[in-house]
Amino acid sequence: MSVNSPSTMSDSSAAVPHVSEIAIPPLLGASVAELGVWVQQQGQPAYRGKQIHDWIYNQGARSLSEISVLPKQWRSQIAEVPVGRSTEHFRSQARDGTVKYLLKLADGEIVETVGIPNFKWGKNVPTGDASNLDRLTVCVSTQVGCPMACDFCATGKGGFKRNLTRAEIVDQVLTVQEDFKERVSNIVFMGMGEPLLNVNHVLGAIHCLNKDVGIGQRNLTVSTVGIRDRIRQFAQHHLQVTLAVSLHAPNQRLRQQLIPSANSYPIGDLMAECREYVEITGRRITFEYVLLAGVNDLPEHAAELARLLRGFQNHVNLIPYNPINEVDYQRPESDRINAFVQILQQQHITVSVRYSRGLEADAACGQLRVNKS
Ligand code: SAH
């Protein structure tokens, strides 16, 4: 088994990595079978792999030396083998219970993760009263920074550093789970970075979160701004996850003004690929649309959006803009938002408005950046 650094793995949209391609250590991200192979390479019986699996995924072991069921002598030999856990660099909690974490990775880079609790009866209380917890969603990052540089998003303003590994993505979910002392129910790949520029590690993380952490694929959402050919390739994996496409504009002129990559990947090509995705997978796509006052929130934009999405099995998620420092966009007034919703609904499009959680902790959509050092 390779011990190459995971970052040397090429990023193609090939099949999900299997045992021989797995970069191990770190151990996090590995399946029972992969851990079984690894322990046997150390001269240990395969069942030790199962023990390590249980400890790193269920018991919160951050180092192998904590795993008391392993023989003492072997444990001391492997004590330095990294499990792949980050350390908490900063934590802040918003009034609605949303918690933002800055996590320090092995190479010192820092990445953001957000834990979003949903309480029963609409009670968004940060008391940690688990009996009221209905859902716990984690918003995970897939890259350190982001190369897409969308005009309204804070993450891209700081540039791009590197892809996250499978272990680094899984670690974010375990971190939130352990902090809340509750099982994570939903995961959205909507933190820092563009998931479809890091396909192999994202696919590896999806499989691990599903099989090893035990979160249903239907509870996972991967959000992309759209990368040429990657949506079609993603479809070939026939996953049960939801694909969300960040559209943000109903036409090419406006879209390329907001999203630099739309210049080389026009909206017509993107929509054609989305149609292929629906044909291949039979699954609907969620389209995300950040509402920017006076820019893309006019009634004619809603009508144009409805025309663009005609014939799609679609759902539109409107995200009223969350302010960031660098640009002076505004969030639309609520009557403008309601009018936009109505126009879409009249065209039989299902719409939800996502008022982002965690605003005052700078943990809302588009506000993720590393600004606490
Ligand atoms: N790169 C992926 C994943 C990031 S998702 C993507 O673009 O889909 C982050 C979501 O939050 C996207 O829909 C993004 O467009 C949205 N977003 C970015 N900046 C925002 C802001 N300032 N206010 C509200 N939503 C924002």
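Conventions we followed
Residues numbered from 1 in each chain as written. Predicted model: local features only at pLDDT ≥ 70, side-chain atom pairs only at ≥ 80, totals over all residues. Heavy atoms only, no water. Near = heavy atom within 4 Å. Polar contact = N/O pair within 3.5 Å; in protein donor to acceptor, adjacent residues only side chain to side chain. Helix = DSSP H or I, 4+ residues; strand = E, 2+ residues; numbered from the N terminus. Nonpolar A, V, L, I, M, F, W, Y, C, P; charged D, E, K, R; others polar. 1 Å grid on protein atoms, 1.4 Å probe; cavity = no way out; pocket = protein on both sides within 12 Å on 5 of 7 lines; lining within 4 Å. Points joined across faces, edges and corners; volume = space filled by probe spheres on them. Buried < 20%, exposed > 50% of the residue type's maximum accessible area, 1.4 Å probe, protein only. Pairing = 2+ DSSP bridges. Right-handed = clockwise from strand over helix to strand, strands pointing away. Salt bridge = Lys/Arg side-chain N within 4 Å of Asp/Glu carboxyl O. Phe/Tyr/Trp six-rings, centres within 6.5 Å; stacked < 30°, edge-to-face > 60°.

## Details of the site of the ligand
Logical step 1: Taken together, the neighbourhood of the ligand is formed by 19 residues, with Phe152, Ser223, Ser246, His248 and Asn322 sitting nearest.
Logical step 2: Between the ligand and the protein, one listed contact pairs an oxygen atom with a side-chain N or O atom of Ser223 at 2.6 Å.
Logical step 3: Contacts to the ligand include Asn322, whose backbone N or O atom sits 2.9 Å from a nitrogen atom.
Logical step 4: Put simply, the parts of the chain that give the shell around the ligand at least two residues each are β8 (220-224) and β10 (285-291).
Logical step 5: The residue makeup of the shell around the ligand, split by class, is 9 nonpolar, 8 polar and 2 charged.

## Regarding empty space enclosed by the protein
Logical step 1: Per the stated rule, a full pass over the model turns up 2 cavities of 30 Å³ or more.
Logical step 2: Here the second largest cavity is characterised by a volume of approximately 30 Å³.
Logical step 3: Lining the second largest cavity are Phe234, Ala235, His238, Leu239, Val241, Tyr277, Thr281 and Arg283.
Logical step 4: Secondary structure elements with two or more residues in the lining of the second largest cavity: α7 (230-235) and α9 (267-281).
Logical step 5: Of the residues that constitute the lining of the second largest cavity, the class distribution is 5 nonpolar, 2 polar and 1 charged.

## Some words on the pairing of β10
Logical step 1: Counting buried positions over the 7 residues of β10 gives 7, a clear majority of the element.
Logical step 2: Of the two faces of β10, the one holding Ile285, Phe287, Tyr289 and Leu291 and the one holding Thr286, Glu288 and Val290 are both buried throughout.
Logical step 3: For strand β9 (residues 242-246) and β10, the ladder comprises 4 bridges, and the chain directions are parallel. Within the sheet, the bridge partner assigned to Ser246 lies in β10 and is Glu288.
Logical step 4: Note: β10 against strand β11 (residues 314-320), 7 bridges, orientation parallel. Bridging from a neighbouring strand, Thr286 pairs with His315 of β11.
Logical step 5: On the question of chirality, the crossover connecting β10 to the parallel β11 by way of helix α10 (residues 299-308) is right-handed.

## Some remarks on the pattern of salt bridges
Logical step 1: Within this structure, the stated rule accounts for 15 salt bridges.
Logical step 2: Note that Arg62 and Glu178 form a salt bridge whose closest N and O atoms lie 3.5 Å from each other. Residue Arg62 is found in the loop between α2 (47-57) and α3 (72-77), and its partner Glu178 is found in helix α5 (residues 166-180); the two are separated by 116 residues along the sequence.
Logical step 3: A salt bridge links Glu276 to Arg232; the shortest N-O distance between them is 2.7 Å.

## Some words on the packing of aromatic side chains
Logical step 1: The tally for this structure, following the rule as stated, stands at 4 aromatic pairs.
Logical step 2: With a centroid separation of 6.4 Å and an interplanar angle of 40 degrees, the aromatic rings of Trp38 and Trp74 are classed as tilted. Linking Trp38 in helix α1 (residues 32-41) with Trp74 in helix α3, this pair joins segments that are 36 residues apart in sequence.
Logical step 3: The class for Trp38 is buried, based on a relative accessible area of 4%.
Logical step 4: You can call Trp74 buried: its relative accessible area is 4%.
Logical step 5: For the pair Phe287 and Phe312, a centre-to-centre distance of 5.3 Å together with 85 degrees between the ring planes defines the contact as edge-to-face. Residue Phe287 is found in strand β10, and its partner Phe312 is found in the loop between α10 and β11; the two are separated by 25 residues along the sequence.
Logical step 6: The class for Phe287 is buried, based on a relative accessible area of 1%.
Logical step 7: Given the relative accessible area of 10%, Phe312 is considered buried.

Any functional reading would require information beyond the geometric quantities listed.
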